[in-house]
Amino acid sequence: MKIRHETKKLLSIEYIKIKSITGKEYFTDLYQDEIRSLMEEAGEKPFRGRQIFSWIHKKTTESIEDITELSEELRNWLKERAEISLLKVVKRTISKLDGTQKFLFELYDGNMIETVLMLNQDRKTVCVSSQAGCALNCTFCATGSMGFSRNLAAGEIIEQVLAVTRLTGARISNIVFMGMGEPFLNYHNVIKAANILNDQKGLDIGARHITISTAGINDKIEQYLTEKHKYKLAVSISAGTENLRRKLMPISRKYPLTKIRKTIRKNPGSGKPVTFEYVLMDGLNDTPEEISGLISLVRGLNAKVNLIPYNSHYKEFKTPPETRISEIAQMIHNAGVKVTVRRSSGSDIQAACGQLYSDVKYS
Ligand code: SAH
């Protein structure tokens, strides 16, 4: 895969402006008031901004031509300056086990990302990617082995949800930022995407139904909590001792567990508990030493633990037996810490946590 030179430039800036590359505004990437400003430039009333925003995010329209509430003249004016859709669907796979769907999308510059739709009785959750590839190299995660290409613009994150809605007709209730990439290394675009997904005039996904998961980028955790965002925050821990965590998640050298704990302890954020995600791997991080490390880490914090039994990708890591998983959950519970076990979906189509990998290598 060849990455175009200009996309490399995107790594050094915070807000990605697609317009600076394609020459056109990317509507999906704009807040309501940004569309309103564009309408003012067209000599239109400000309410048109809200109207277009709703067509894009509520009706999930893909082309300016289809916004029939606008005059033909205005549509033509807009078509020269903006576009709504940039993602191309390359592949769609459906799990025979549980109906989970996985989508491979191509971005405007040829980069590939994956998105997953999980269907529960009461929830329809889209797991979005925030970067093309990932730079963190967690030893157990498939995405890490792809290498890293670039950050996604907010619109490229949002369009994953819009495209899944268009393709499946599903009314999406939950969003998790747990696909490819590290959301907090693309902080501004991720927060912007969450804000737009949360907008009542658009998809209107409740803040409690949006989860942002980070491998532990401590300064961004601090920023997030200080800014008191309402979305749920999850931090991937996956080891109870620093020693093991450094081996599994190299980012721990820069942001050790003690620092993350301190940040969460002194910043209540919006008051919601933080979820500590713990990928359970047989004989590795399921030992008494690691689990008691995890318990000491979480105790006294407004936090809970979510155990994720390892989804196979690498042969050297194994899922612990069910009995061991229940024992560990019980130990954590007995220590007075809230704990849940996540049942992953879509493992037969490599759509489960840590299995996203687009057959493309960057690096
Ligand atoms: N970079 C972010 C978000 C992506 S990963 C983060 O690390 O939080 C989403 C979750 O999947 C993380 O909690 C990660 O630890 C977990 N995960 C990674 N590989 C996995 C695997 N093979 N099996 C189960 N969970 C995995």
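Residues numbered from 1 in each chain as written. Predicted model: local features only at pLDDT ≥ 70, side-chain atom pairs only at ≥ 80, totals over all residues. Heavy atoms only, no water.

Chemist: Could you give me a rundown of helix α7 (residues 187-198), with the residues and numbers involved?
Modeler: Note on helix geometry: an α-helix contains 3.6 residues per turn, so any two residues three or four positions apart are oriented the same way. End to end, α7 covers 16 Å across twelve residues, agreeing with the expected 16 Å (1.5 Å per residue, within 8%). A large share of α7 lies buried, amounting to ten of its twelve residues. Taken together, the buried positions of α7 are occupied by Tyr 187, Asn 189, Val 190, Ile 191, Lys 192, Ala 193, Ala 194, Ile 196, Leu 197 and Asn 198. Those residues of α7 that are buried are in contact with α3 (32-41), α4 (47-57), α6 (154-168), β9 (174-177), β10 (210-214) and α8 (218-226). (Helix = DSSP H or I, 4+ residues; strand = E, 2+ residues; numbered from the N terminus. Expected span 1.5 Å × (residues − 1). Buried < 20%, exposed > 50% of the residue type's maximum accessible area, 1.4 Å probe, protein only. Contact = heavy atoms within 4.5 Å.)

Chemist: Now, about the pattern of salt bridges: what can you tell me, with residues and values included?
Modeler: Applying the stated criterion to the full structure yields 14 salt bridges. A salt bridge links Asp 109 to Arg 150, with the nearest nitrogen and oxygen atoms 2.8 Å apart. A residue pair is termed long-range when its members are at least 10 positions apart, and Asp 109 in the loop between β4 (101-106) and β5 (112-119) and Arg 150 in strand β8 (residues 148-151) qualify at 41 residues. Notably, a salt bridge pairs Glu 327 with Arg 324, separated by 2.7 Å at the nearest N-O pair. In this pair, Glu 327 and Arg 324 both sit in helix α12 (residues 322-334), three residues apart, roughly one turn of the helix. Overall, Glu 327 belongs to the partly exposed group, its relative accessible area being 45%. Residues participating in the shared-partner salt-bridge network are Glu 65, Arg 75 and Lys 79. (Salt bridge = Lys/Arg side-chain N within 4 Å of Asp/Glu carboxyl O.)

Chemist: An account of the site of the ligand is needed here, citing residue identities and associated values.
Modeler: As a structural note, the neighbourhood of the ligand is formed by 20 residues, with Ser 213, Ser 236, Tyr 310, Asn 311 and Gly 354 the closest of them. Between the ligand and Gly 181, the relevant distance is 3.1 Å, taken from a nitrogen atom to a main-chain nitrogen or oxygen of the residue. Measuring from an oxygen atom of the ligand, one finds a backbone N or O atom of Thr 214 at 3.5 Å. Here the ligand has 540 Å² of accessible area as a free molecule, and 96% of this is covered by the chains. Counting residues per element, the ones that place at least two in the shell around the ligand are β10, β12 (274-280) and β13 (303-309). For the shell around the ligand, the class distribution of residues is eleven nonpolar, seven polar and two charged. (Near = heavy atom within 4 Å. Polar contact = N/O pair within 3.5 Å; in protein donor to acceptor, adjacent residues only side chain to side chain. Areas by Shrake-Rupley, 256 points an atom, 1.4 Å probe, with all protein chains shown as cover. Nonpolar A, V, L, I, M, F, W, Y, C, P; charged D, E, K, R; others polar.)

Chemist: Could you give an account of the packing of aromatic side chains, with specific residues and numbers?
Modeler: Scanning the entire structure with this criterion turns up four aromatic pairs. With 6.0 Å between their ring centres and 10° between their planes, Phe 103 and Phe 105 make a pair best called stacked. The class of Phe 103 is buried, set by a relative accessible area of 0%. Among the residues examined, Phe 105 registers a relative accessible area of 0% and is labelled buried. Between Phe 184 and Tyr 224 the ring centres are 5.6 Å apart and the planes differ by 40°, which places this aromatic pair in the tilted class. (Phe/Tyr/Trp six-rings, centres within 6.5 Å; stacked < 30°, edge-to-face > 60°.)

Chemist: An account of the nonpolar core is requested, with residue identities and associated values reported.
Modeler: The tendency in soluble globular proteins is for nonpolar side chains to be buried side by side. Among the nonpolar cores identified, the biggest contains 106 residues, and Phe 27, Phe 140, Ile 175, Phe 177 and Phe 276 are the most heavily contacted of them. Counting contributing residues per domain, this core is built from domain 1 (18-83) and domain 2 (88-349), each supplying no fewer than three. Discounting residues that sit within four places of it in the chain, Ile 175 has contacts with Val 126, Val 128, Val 161, Leu 197, Ile 205, His 209, Ile 210 and Thr 211. If you look at the next biggest cluster of nonpolar residues, it comprises six residues, including Ile 16, Tyr 26, Tyr 108 and Ala 153. (Core = buried A, V, L, I, M, F, W, Y, C linked by side-chain atoms within 4.5 Å. Domains from an automatic or database assignment.)

Chemist: How would you sum up the state of the cysteines? Please name residues and give values.
Modeler: Tallying each qualifying case throughout the model produces zero disulfides. Cysteine Cys 138 shares no disulfide, and the gap to the nearest cysteine sulfur, in Cys 141, comes to 6.2 Å. (Disulfide = S-S within 2.5 Å.)

Chemist: Residue-level account of the sheet that holds strand β11 (residues 232-236), with values.
Modeler: Taken in spatial order, the ten strands make up an open sheet running β3-β4-β5-β6-β9-β10-β11-β12-β13-β14, and their pairing is mixed. Edge strands, defined here as strands with exactly one partner in the open sheet, are β3 (88-94) and β14 (339-341). Strand-to-strand twist in this sheet, taken as the mean axis angle between neighbours without regard to direction, amounts to 20°. In this structure, β12 lies alongside β13, joined through seven bridges in parallel fashion. Bridging across to β13, Thr 275 finds its partner in Lys 304. Packed onto the sheet, α6 meets β3, β4, β5, β6 (124-127) and β9 and runs at close to 125° relative to β4. (Pairing = 2+ DSSP bridges. Axes fitted to C-alpha atoms, helices over the stretch in contact; angles between N-to-C directions.)

Chemist: Could you give an account of the packing of helix α11 (residues 288-298) against α12, with specific residues and numbers?
Modeler: With their axes 10 Å apart at the nearest point, α11 and α12 run at an angle of 35° to one another. As for the relative orientation of α11 and α12, their crossing is right-handed in sense. Residue-level contacts link Pro 288, Ile 291, Leu 294 and Ile 295 of α11 to Arg 324, Ile 328, Met 331 and Ile 332 of α12. Counted by class, the contact of α11 with α12 contains seven nonpolar, no polar and one charged residues. (Left-handed = near helix turned anticlockwise from the far one by under 90°.)

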